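Close look at the chain arrangement
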Amino acid sequence: MNSVSAPTHDALTTEIPDYPMSRSAGCPFDPPPELSELRAHAPVSRIRLWDGSTPWLVTDYADQRALLGDPRVSADVTRSGYPHQSAGLKARRAEASTFINQDDPEHARQRRMVTAAFSIKRVEALRPAIQRIVDQLIDELLAGPKPVDLVQAFALPVPSLVICELLGVPYQDHEFFQDRSKALIKSTATPEESVAAVRELIAYLDGLIGEKLAHPAEDLLSLVAEQVRAGELTRREAASMAQLLLVAGHETTANMIALGTLALIEHPDQLARVRESQDPKLIASAVEELLRYLNIVHSGRRRVALEDIEIGGVTVRAGEGLVLANDAGNRDPEVFAEPDRLDVGRNPRRHIAFGFGVHQCLGQPLARVELQVVYSTLYRRIPELRLAADIEEIPFKHDGLVYGVYELPVTW
Amino acid sequence: MKVIIDQDKCVASGQCVLAAPEVFDQREEDGIVVLLAENPPQDAAEAIREAAALCPALAIALEE
Ligand code: HEM
């Protein structure tokens, strides 16, 4: 009798959990609790995805960093075994190939075509322009009606205006490309919707590349167009790269602005530290801490093993998929003391919210400056900023590849 | 302390420049790392170790 009711070791280890998992009700800022369980007891273990495949899930920081820095680990989405997030994303990736999903040497060759624009000096030089954009949008907020949806009125326009300026994309087209971007990063979008959205975006950006070829300007798309002229990129590759930069360049930062603001409103002591500090170091630290704590790119870094790899006590076979849950890695108590506490003063520089390895975020210097400007300005200029709804009513992006809020009604 | 950088590996994330701006810089044309001081002063040691630990491409090696 006993042997029937007590689960055997085998039964426990062969029960493969579905991924992604759900966050706990009432804990919208914390990763799903199962991830901490796994990190403590089985940091490299199997999961089951939407298509029935059973890749490895890695939940601890050290193993994630080791794998993301390992040349035997591939980001190539065309390899069998690559753990796609959804049918929609799989279909979209077959449509447009960009360096985020390629391996070196091609990845490095293409990434280096655009790295100059994201160097620390070049991005630092944009700070005054970013400050002007933020100030102007806050002027408009203060002059407008309240309550207001902070996502539409502020969080989305800031990075959109900045990336449009940098790329040379006309901001007046923002409704068009924001609508298509939304479809691209929604995990519930069907393959048809994803493919339609990416085709329309690429057609639009191909038109812009054509214009830049005819009339080069002082912007990044003109540099990309130059690579077409030099025979280094096809028109298709150039338009796909432009699409990657446009989508990655505003959806992520927009979510950090809105979700970061909500997290601070819900942690009033931390918000007070940010609002009252005149110290750029504290602001920079708060940005790193919110990146770590919120880890908005929450569906795991996705990879596939090229060779057999021993990691975390298991052997990952060549051709098997890997999902590296950096949201769990950023809450690893081996690396961050009291990892579930938001502490804007801790400056957790080693977080992996921008990933790790050769694919670590290209736009991170820009994202940092945008967030530093926003966090150091918004709460100081609107010190009474507060939610205009119950937190239970806020629609969170549980179904998004990038986490955040669809709407954030605020008042002051 | 001697600092050795690998420009072929570098992915221009900018992490080293943020950690130790007196020791690391980026090339104007492509953001790839350049070394400002091969044998930097001892008081920069901690910042340099941090830069090496942060480098996502593992392109910074140290000889202490
Ligand atoms: C707070 C904002 C941001 C977050 C949290 C974020 C996060 C990430 C992460 C986690 C990756 C790694 C993907 C992987 O390893 O599979 C990545 C890559 C990338 N990000 Fe960001 N990102 C942000 C802002 C930006 C911005 C502003 C840009 C500007 C264009 C950008 C462009 C890119 C590109 C092009 C890649 C691919 C890099 C490569 O494959 O070499 N990101 N980002």
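This structure is a prediction, so every number in the text was calculated from the model and none was measured. (Residues numbered from 1 in each chain as written. Chains lettered and ligands numbered in written order. Predicted model: local features only at pLDDT ≥ 70, side-chain atom pairs only at ≥ 80, totals over all residues. Heavy atoms only, no water.)

It is worth spelling out the overall build of chain A at this point. A count of helices and strands for chain A gives 18 helices and ten strands. A compact globule built from 412 residues would reach a C-alpha radius of gyration of about 22 Å, and chain A, at 22 Å, matches this within 12%. Taking the principal axes of the C-alpha coordinates as reference, chain A spans close to 75 × 55 × 35 Å. Counting contacts in chain A only where the partners sit at least 6 residues apart, residues at least 24 apart contribute 72% of the total. (Helix = DSSP H or I, 4+ residues; strand = E, 2+ residues; numbered from the N terminus. Rg over C-alpha atoms; globule rule 2.2 N^0.38 Å. Contact = heavy atoms within 4.5 Å.)

Before going further, it helps to examine the sheet that holds strand 9 (residues 386–387) of chain A. Residue and element names in this part refer to chain A. What the three strands build is an open sheet, ordered 4-10-9; its pairing is antiparallel. The open sheet has two edge strands, strand 4 (148–149) and strand 9, and neither has a second partner. Here strand 4 runs beside strand 10 (residues 409–411); their pairing, made up of two bridges, is antiparallel. Bridge pairing in strand 10 links Asp149 to Pro409. (Pairing = 2+ DSSP bridges.)

Opposite the 19 residues of chain A that make contact, chain B presents 25 residues. Between chain A and chain B, the buried area comes to about 1,900 Å², and carbon and sulfur atoms account for 48% of it. In terms of surface lost to chain B, no three residues of chain A exceed Arg112, Ile120 and Arg349 of chain A, which account for 34% of the buried area on that side. Run the count over chain A and chain B and you get three salt bridges. We note a salt bridge from Asp25 of chain B to Lys121 of chain A, for which the minimum N-O separation is 2.9 Å. (Buried area = accessible area lost by both parts, 1.4 Å probe. Salt bridge = Lys/Arg side-chain N within 4 Å of Asp/Glu carboxyl O.)

The next thing to look at is the site of the ligand. Residue and element names in this part refer to chain A. Neighbouring the ligand are 27 residues; His107, Arg111, Arg303, His359 and Cys361 lie closest to it. Contact distances for the ligand include 2.6 Å between an oxygen atom and a side-chain N or O atom of His107. Here an oxygen atom of the ligand sits 2.7 Å away from a polar atom, N or O, in the side chain of Arg111. Cavity membership is defined here by more than half of the atoms lying within 2 Å of grid points; on that basis the ligand lies in the largest cavity. Going through the elements one at a time, helix 6 (106–111), helix 14 (235–266) and strand 5 (301–305) are the ones with two or more residues in the shell around the ligand. (Near = heavy atom within 4 Å. Polar contact = N/O pair within 3.5 Å; in protein donor to acceptor, adjacent residues only side chain to side chain. 1 Å grid on protein atoms, 1.4 Å probe; cavity = no way out; pocket = protein on both sides within 12 Å on 5 of 7 lines; lining within 4 Å. Sits in = over half its atoms within 2 Å of the grid points.)

Moving on: helix 14 of chain A. When the terminal C-alpha atoms of helix 14 of chain A are compared, their 47 Å separation across 32 residues agrees well with the 46 Å that a helix rising 1.5 Å per residue should span. With respect to burial, helix 14 of chain A is a largely interior element, 26 of its 32 residues being buried. (Expected span 1.5 Å × (residues − 1). Buried < 20%, exposed > 50% of the residue type's maximum accessible area, 1.4 Å probe, protein only.)

For the rest of this paragraph, the subject is the packing of helix 10 (residues 157–167) of chain A against helix 18 (residues 364–381) of chain A. Residues and elements named next belong to chain A. Relative orientation of the contacting elements helix 10 and helix 18 amounts to 135 degrees, with a least axis distance of 11 Å. By the angle between their axes, helix 10 is oblique relative to helix 18. Here helix 10 runs over helix 18; the crossing is right-handed. Of helix 18, the residues touching helix 10 (which contributes Val158, Pro159, Val162 and Ile163) are Leu366, Glu370 and Val374. When grouped by side-chain class, the residues that make up the contact of helix 10 with helix 18 number six nonpolar, no polar and one charged. (Axes fitted to C-alpha atoms, helices over the stretch in contact; angles between N-to-C directions. Parallel < 35°, antiparallel > 145°, perpendicular 65-115°, else oblique. Left-handed = near helix turned anticlockwise from the far one by under 90°. Nonpolar A, V, L, I, M, F, W, Y, C, P; charged D, E, K, R; others polar.)

Residues and elements named next belong to chain A. Considering all chains together, one arrives at 31 salt bridges over all chains under this definition. Residues Arg127 and Glu124 are paired through a salt bridge, measuring 2.5 Å at the closest nitrogen-oxygen approach. Judged by its relative accessible area of 25%, Arg127 falls in the partly exposed class. Overall, Glu124 belongs to the partly exposed group, its relative accessible area being 35%.

Attention shifts here to unusual backbone geometry. All names here are of chain A. Cis geometry marks the peptide bond from Tyr19 to Pro20; its omega dihedral reads 0 degrees. With respect to the helices and strands, the residue Pro20 is situated in the loop between helix 2 (9–14) and helix 3 (33–41). Between Asp104 and Pro105 the backbone carries a cis peptide bond, its omega angle lying at 5 degrees. Although it is not a glycine, Asn295 sits at a positive phi angle of roughly 30 degrees. On the secondary structure map, Asn295 appears in the loop between helix 16 (280–294) and strand 5. Of the residues examined, Asn295 reaches a relative accessible area of 2% and is grouped as buried.

All names here are of chain A. Residues Glu266, Asp390, Glu392 and Glu393 make up a contiguous surface patch of negative charge. With respect to the helices, strands and loops of the structure, Glu392 is situated in the loop between strand 9 and strand 10. Judged by relative accessible area, Glu392 falls into the exposed class, the value being 67%. (Patch = residues over 30% accessible without salt bridge, like charges linked within 9 Å, V, L, I, M, F, W, Y side chains within 5 Å. Areas by Shrake-Rupley, 256 points an atom, 1.4 Å probe, with all protein chains shown as cover. Lys, Arg positive; Asp, Glu negative; His and termini not counted. Charge placed at Lys NZ, Arg CZ, Asp CG, Glu CD.)

Residues and elements named next belong to chain A. Burial analysis of strand 5 places five of its five residues in the buried class, the great majority of the element. Burial of the side chains of strand 5 extends over both faces: Arg301, Arg303 and Ala305 are buried on one face and Arg302 and Val304 on the other. In the sheet, strand 3 (residues 73–74) pairs with strand 5 via two bridges, with the strands oriented antiparallel. Across the sheet, the residue bridging to Val73 is Ala305, located in strand 5. Of the strand pairs in this sheet, strand 5 and strand 8 (residues 321–324) are connected by four bridges, and their pairing is antiparallel. Paired with Arg302 across the strands is Val323, a residue of strand 8.

In this section: empty space enclosed by the protein. Over the atoms, a rolled probe matching the size of one water molecule traces out where space is still vacant. Overall, the coordinates contain five cavities of 30 Å³ or more when judged by the stated rule. Around the largest cavity, the lining comprises 49 residues; the ones closest to its centre are Ile100, Leu244, Ala248, Thr252 and Val297 of chain A. For the lining of the largest cavity, the secondary structure elements donating two or more residues are helix 5 (87–95), helix 6, helix 14, strand 5 and helix 18 of chain A. When residues of the lining of the largest cavity are assigned to their parent elements, the largest contribution, ten residues, is made by helix 14 of chain A. Taken together, the residues of the lining of the largest cavity break down into 26 nonpolar, 15 polar and eight charged. Computed from the structure, the second largest cavity encloses a volume of approximately 100 Å³. As for the second largest cavity, its lining consists of 15 residues, of which Cys10, Ala12, Ser13, Gly14 and Cys16 of chain B are closest to the centre. Among the residues forming the lining of the second largest cavity, the class breakdown is ten nonpolar, five polar and no charged. (Points joined across faces, edges and corners; volume = space filled by probe spheres on them.)

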